[in-house]
Amino acid sequence: IPSEVGELPSLLHLDLSHNSLKGSIPSEVGKLTKVVMMQLSFNALEGSIPSEVGQLTGMDDLYLDGNSLEGSIPSEAWELTRLLGMLFHDNAFDGPIPSEVGK
């Protein structure tokens, strides 16, 4: 995913699923402040989820399942209170899920 994705500040839906994309999720996704749905499922994305996803406070759905993402899920992701759907399965995440989730 090119870092230039951050140059699309009016983008509402980003669906790049099932494309065999490689590399990491760029921190510039945090500039997509109007996005309500981000679906990056079933690619070959690696690395960690950038903490900048926490800037996407209007997001309803975040789907990152079926990749090779690793590390802990950033605390900023758990602060997205508008989320209706979140799929992270089939990755290599580690670490605890904070007890504050769902409160």
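Higher on the page you've got the structure.
The following refers to the structure shown.

Rules used throughout
- Residues numbered from 1 in each chain as written.
- Predicted model: local features only at pLDDT ≥ 70, side-chain atom pairs only at ≥ 80, totals over all residues.
- Heavy atoms only, no water.
- Phe/Tyr/Trp six-rings, centres within 6.5 Å; stacked < 30°, edge-to-face > 60°.
- Helix = DSSP H or I, 4+ residues; strand = E, 2+ residues; numbered from the N terminus.
- Buried < 20%, exposed > 50% of the residue type's maximum accessible area, 1.4 Å probe, protein only.

## Observations regarding the packing of aromatic side chains
Here is step 1: A full pass over the atoms with the stated rule returns 2 aromatic pairs.
Here is step 2: Here tryptophan 78 and phenylalanine 88 contribute two aromatic rings whose centre-to-centre distance is 6.4 Å and whose plane-to-plane angle is 65°, an arrangement assigned as edge-to-face. On the criterion of sequence distance, the pair formed by tryptophan 78 in the loop between strand 6 (68–71) and strand 7 (85–87) and phenylalanine 88 in the loop between strand 7 and strand 8 (92–93) is long-range, its members being 10 residues apart.
Here is step 3: Owing to a relative accessible area of 21%, tryptophan 78 belongs among the partly exposed residues under this scheme.
Here is step 4: With a centroid separation of 5.8 Å and 55° between ring planes, the pair formed by phenylalanine 88 and phenylalanine 93 is classed as tilted.
Here is step 5: The buried category is assigned to phenylalanine 88, whose relative accessible area is 12%.
Here is step 6: Grouping aromatic residues by their ring pairs yields a cluster made of Trp78, Phe88 and Phe93.

The quantities given are spatial measurements derived from coordinates; they are silent on function.
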